[in-house]
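Spelled out, the chains give:
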Amino acid sequence: MTLLLALGLGVLLGWVLARGRRRPQELAAPEASGQQLLPGLGRLQLLAWLEGAPQGWLVIDGEQRIQAINPRAERLLQLPVDRLVRGQPVRDVIQQPDLEEAILAVGRRGRPQRLEWWQGNEPLEGVLLAGGEGWVALWINSRRSLESQLNQQSRWVSDVAHELKTPLTALMLVGDSLAAQATNSNVVLIERLQRELQRLESLVGDLLELSRLENSLPRDDRRYEVLDLGELVEAAWGSLRPLADQRGISLSFPERLPCPLWGDPSRLHRALLNLLDNALRYSPDGAAVEVSVEESGQWWELTVRDHGSGFSDEDLAHMFERFYRGDPSRVRSRRAGSGLGLAIVQQIALTHAGRVQGRNHPGGGGVLELVLPKGV
């Protein structure tokens with residue numbers, strides 16, 4: 001939203017700057033001819049809007065000197081009220097080493113660029129917009145409000161999951177007690193109750209795991225050890241083998257060389273389990289889930305392919321979002337997922353300095369690719 005607002009106001013600001021650099025006769029010509037860029041809208045009115053904008057802004061000339069600044073920017077940059085910064089070099093006002101290079105790049109290429117930095121104890125984000133002839137507009141906003149909202153949301157999800165865990169455990173025990181006393185008239189209802197409770201238990205567990213992942217440090221060496229990626233794949237498939245055998249689905253994992261890496265064993269096991277389980281859901285009965293591991297420089301590239309109908313464009317755009325579920329008609333398994341499995345995979349990949357992405361295989365079916373650094 002900040003970027004959209006900045007781009008919109010940046011167009012207005014660019015017009016103001018362009019008019020400000022014209023010669024007097026050039027300014028008079030449109031007025032004399034009765035032609036205006038925005039009829040009824042004057043330069044002073046535009047400047048007044050920019051002055052009162054909720055974001056901070058600065059106008060920087062081709063020599064990287066500040067030519068205009070609004071009060072909001074002065075507050076965000078924590079400038080003394082009696083300090084005059086107009087005409088001063090940007091480097092003397094904003095302590096951001098990459099800013100000078102970014103201003104030059106935006107001036108040359110004409111494309112917006114975003115930066116993040118700390119000004120004292122205030123986390124800031126800035127968007128640089130080209131104004132022509134080396135002039136640049138810098139829009140500044142605080143990241144604190146957005147971060148606090150995200151942290152509050154994360155805490156709320158974690159708290160709700162914790163609160164649900166205790167009554168859910170009690171309901172599971174009640175379901176087991178009812179199952180022991182089931183009769184022909186209520187056995188179907190009790191089995192349905194147990195399935196739904198198991199689904200809720202899985203959902204709560206996934207929410208708690210996702211919350212822990214989002215609040216964990218990347219590459220936390222306290223949890224890491226030397227692992228073999230191939231062995232992790234086989235262990236994860238071993239957990240799914242009973243479900244696969246019921247549908248005649250096999251694992252195709254050809255002979256391989258050792259694939260050592262440095263990682264968290266429990267979380268990588270969870271990531272591979274989710275990837276293989278996703279392929280299992282979309283695979284037709286009697287098919288094979290194909291897994292391969294290839295070496296690419298300092299990375300391992302692991303691919304998991306199913307032989308289903310592949311991913312839709314919507315799947316490819318949203319598959320790693322929380323609670324997203326693809327078209328249920330394409331799922332070959334009766335098991336319902338929580339909609340968090342691939343979101344958890346993505347977060348585990350990020351904490352290992354890796355990534356995960358999806359695509360369709362030219363020969364049919366969907367492919368999920370997990371890229372991890374070797375780290376050893």
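Residue numbering note: each chain is counted from 1, following its sequence as written. Note on the predicted model: pLDDT of at least 70 is required for a residue's local features to be given, and 80 or more for side-chain atom pairs to be given and counted; whole-chain, interface and lining totals, by contrast, use all residues. The side-chain numbers reported here are obtained from all heavy atoms of the structure, hydrogens and water having been left aside.

Undergrad: Just to check I follow, could you spell out the overall build of the chain for this structure?
TA: For helices the rule is a DSSP run of H or I covering at least 4 residues; for strands it is a run of E covering at least 2, with both sets numbered from the N terminus onward. A tally of helices and strands in the chain yields 11 helices and 12 strands. Here the chain, with 376 residues, has 42% of them falling under the buried criterion. Taking the intrachain contacts of the chain between residues at least 6 apart in sequence as the baseline, contacts between residues at least 24 apart amount to 64%. Here, Shrake-Rupley sampling with a 1.4 Å probe gives the accessible areas, and only protein chains in the shown set may cover a residue. Accessible surface computed for the chain: about 21100 Å², of which carbon and sulfur atoms make up 53%. Exposed residues in this analysis have more than 50% of their type's maximum accessible area, buried residues have under 20%, and partly exposed residues fall in between, with area computed by a 1.4 Å probe over protein chains only. Residues count as neighbours in contact if any of their non-hydrogen atoms are within 4.5 Å of one another.

Undergrad: Explanation requested: the pairing of strand 8 (residues 260-263) in the structure shown.
TA: Both faces of the sheet carry side chains from a regular strand, because those side chains alternate between them. Here strand 8 shows a clear split, with L261 and G263 buried on one side and none of P260 and W262 buried on the other. Between any two strands, at least two bridges found by DSSP are needed for them to pair. Summarising the sheet, strand 6 (residues 225-228) and strand 8 pair through four bridges and their orientation is antiparallel. Across the sheet, L227 pairs through a bridge with L261, a residue of strand 8.

Undergrad: What is the right way to look at the sheet that holds strand 9 (residues 288-296) in this model?
TA: Pairing is mixed across the open sheet formed by five strands, whose spatial order is 7-9-10-12-11. Pairing within the sheet leaves two strands with one partner each, and these edge strands are strand 7 (250-252) and strand 11 (355-360). Here the strands of the sheet are splayed against their neighbours by 20° on average, with no regard to which way each runs. Across six bridges, strand 11 lies against strand 12 (residues 366-373) in antiparallel orientation. What sits directly across from N360, in strand 12, is G366. Axis lines are fitted through C-alpha atoms, for helices just across the contact stretch, and the angle between N-to-C directions can take any value from 0 to 180 degrees.

Undergrad: Whenever I open this one, the confidence of the model for the chain confuses me. Can you help?
TA: Of all residues in the chain, 79% attain a pLDDT of 70 or more, and the chain-wide mean is 80. Low pLDDT, under 50, characterises residues 1-13; the predicted model gives this stretch 22 contacts beyond four residues in sequence or across chains. When the criterion is pLDDT under 50, residues 15-35 qualifies, and its contacts beyond four places in sequence or with other chains add up to 17 contacts. pLDDT expresses how confident the predictor is about each individual residue, on a scale running from 0 to 100.

Undergrad: Honestly, the side chain of K374 in this entry has me stumped. Any pointers?
TA: With respect to the helices and strands, the residue K374 is situated in the segment after strand 12. A relative accessible area of 11% places K374 in the buried class. In this structure, K374 is in contact with P260, L261, W262, E295, G297, Q298, W299 and W300, ignoring residues within four places of it in sequence.

Undergrad: Would you take a moment to explain the sheet that holds strand 5 (residues 135-142) for this structure?
TA: Pairing between the strands of a sheet is mediated by backbone hydrogen bonds and can be parallel or antiparallel. The strand order across the open sheet built from five strands is 2-1-5-4-3, with neighbouring strands paired in antiparallel fashion. Each end of this open sheet is capped by a strand with a single partner; those strands are strand 2 (66-69) and strand 3 (113-119). Strand-to-strand, the axes of this sheet are offset by a mean angle of 25°, without reference to chain direction. Note: strand 1 (residues 56-60) against strand 5, five bridges, orientation antiparallel. Residue V59 lies in a different strand from strand 5, and its bridge partner there is A137.

Undergrad: Is there a simple way to think about the pairing of strand 3 in this case?
TA: The pairing of strand 3 with strand 4 (residues 122-132) spans seven bridges and is antiparallel. Pairing of R114 across the sheet is with V127, part of strand 4. Taking the residues between adjacent antiparallel strands as the criterion, strand 3 and strand 4 are bridged by two residues, where G120 takes a positive phi near 65°.

Undergrad: How should I be thinking about helix 8 (residues 229-246) in this particular structure?
TA: In an α-helix, one turn spans 3.6 residues, which is why side chains three or four residues apart end up on the same side. Helix length check: helix 8 (18 residues) gives 26 Å between terminal C-alpha atoms against 26 Å at 1.5 Å per residue, within 8%. Across the chain, bend at a residue is computed as the angle between axes fitted to the seven residues ending at that point and the seven starting from it. Largest kink in helix 8: about 55°, centred on L240, with the proline P242 one to four residues after it. Turning to helix 8, its buried residues are L229, G230, L232, V233, A236, W237, L240 and A244. Contacts described as polar in this section are N or O atom pairs within 3.5 Å, which, within protein, must combine one atom able to donate a hydrogen with one able to accept it, while residues neighboring in sequence count only if both atoms come from side chains. The N-cap residue of helix 8 is D228: its side-chain oxygen and the backbone nitrogen of G230 are 3.1 Å apart. Just downstream of helix 8 lies G248, where phi reads positive at about 70°. Helix span, expected: 1.5 Å multiplied by one less than the number of residues in the helix.

Undergrad: Quick question: what am I supposed to make of the pattern of salt bridges here?
TA: Oppositely charged side chains are able to pair whenever their charged atoms sit close together. Within this document, salt bridges are pairs made up of a side-chain nitrogen of Lys or Arg and a carboxyl oxygen of Asp or Glu, the two lying within 4 Å of each other. Tallied over the entire structure, the rule returns eight salt bridges. K374 is the partner of E295 in a salt bridge, and the nearest nitrogen-oxygen pair spans 2.2 Å. Of the two residues, E295 sits in strand 9 while K374 sits in the segment after strand 12, which places them 79 residues apart along the sequence. Accessibility expressed as a relative area gives 54% for E295, which makes it exposed. Each of R114, E116 and E125 takes part in a single network of salt bridges with overlapping partners.

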